[in-house]
Amino acid sequence: MVTFAPVQGFISSSRKLRDLFGSSLLLSVLAKAIADDAAERFDPAQQPTDERRKLEVLSPALVDVARGVPNTLVICGVYKKGHAQDALKMAWGEILVSTRTWIESTFPQFVYDWEAIWKQC
């Protein structure tokens, strides 16, 4: 089982509908990244003989799309805790880079000093 938190607090702190939608979508993208990573890492040779089947990600929602993926995923197969952490960090890093690129290209009139805050992220 893979989960990350505090999801409900993050979403409930939304003050507007667009904040609620954005935070929910962001968390779904992160959860989908973990589900995708689990599917990519699955190696039948590492499974016990009676479990040689395709990795299954059990979830209350489809994981084919990034919307609506819950923050709790049940993964059937060998998937280590560190793998989920790595997938989450990588997805978060991609979100940060995409956001930074969008901000800089959309508002080129400003000078940005990202170094200190970038290290914190």
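The structure under discussion appears in the preceding block.
Described below are features of the structure shown in this document. The structure presented is a predicted model; accordingly, all values stated were derived computationally and were not measured.

Scanning the chain for helices and strands turns up four helices and three strands. The linear arrangement of helices and strands in the chain, starting from the amino end, is β-α-α-β-β-α-α. Expressed as a percentage of its 121 residues, the buried residues of the chain come to 23%. In the chain, once contacts between residues fewer than 6 apart in sequence are set aside, the share between residues at least 24 apart is 57%. Put simply, the chain shows about 8700 Å² of open surface, and 59% of that area lies on carbon and sulfur atoms.

On to the environment of Met1. Within the secondary structure, Met1 sits in the segment before β1 (2–3). Judged by relative accessible area, which is 73%, Met1 ranks as exposed. Discounting residues that sit within four places of it in the chain, Met1 has contacts with Thr72, Leu73 and Val74.

Our focus in this paragraph is the nonpolar core. Generally speaking, a soluble globular protein has its nonpolar side chains buried in company with each other. Grouped together as the largest cluster of nonpolar side chains are 15 residues, with contacts concentrated most on Val2, Phe4, Leu30, Ile34, Ile75, Tyr79 and Ala84. The set of elements that each furnish at least two residues to this core consists of α2 (17–41), β3 (72–76) and α3 (81–106). Ignoring anything within four residues of it in the chain, the contact list for Ile34 reads Val2, Phe4, Leu73, Tyr79, Ala84, Ala87 and Leu88.

Another point: the packing of aromatic side chains. How two aromatic rings sit relative to each other is given by the distance of their centres and the angle of their planes. Here the structure, examined in full by the defined rule, presents three aromatic pairs. Between Tyr112 and Trp114 the ring centres are 5.3 Å apart and the planes differ by 20 degrees, which places this aromatic pair in the stacked class. Given a relative accessible area of 28%, Tyr112 falls into the partly exposed group. Overall, the relative accessible area of 18% leaves Trp114 in the buried class. Three or more aromatic residues joined by ring pairs form one cluster here, namely Trp102, Phe107 and Phe110.

Conventions used here
Residues numbered from 1 in each chain as written. Predicted model: local features only at pLDDT ≥ 70, side-chain atom pairs only at ≥ 80, totals over all residues. Heavy atoms only, no water. Helix = DSSP H or I, 4+ residues; strand = E, 2+ residues; numbered from the N terminus. Buried < 20%, exposed > 50% of the residue type's maximum accessible area, 1.4 Å probe, protein only. Contact = heavy atoms within 4.5 Å. Areas by Shrake-Rupley, 256 points an atom, 1.4 Å probe, with all protein chains shown as cover. Core = buried A, V, L, I, M, F, W, Y, C linked by side-chain atoms within 4.5 Å. Phe/Tyr/Trp six-rings, centres within 6.5 Å; stacked < 30°, edge-to-face > 60°.

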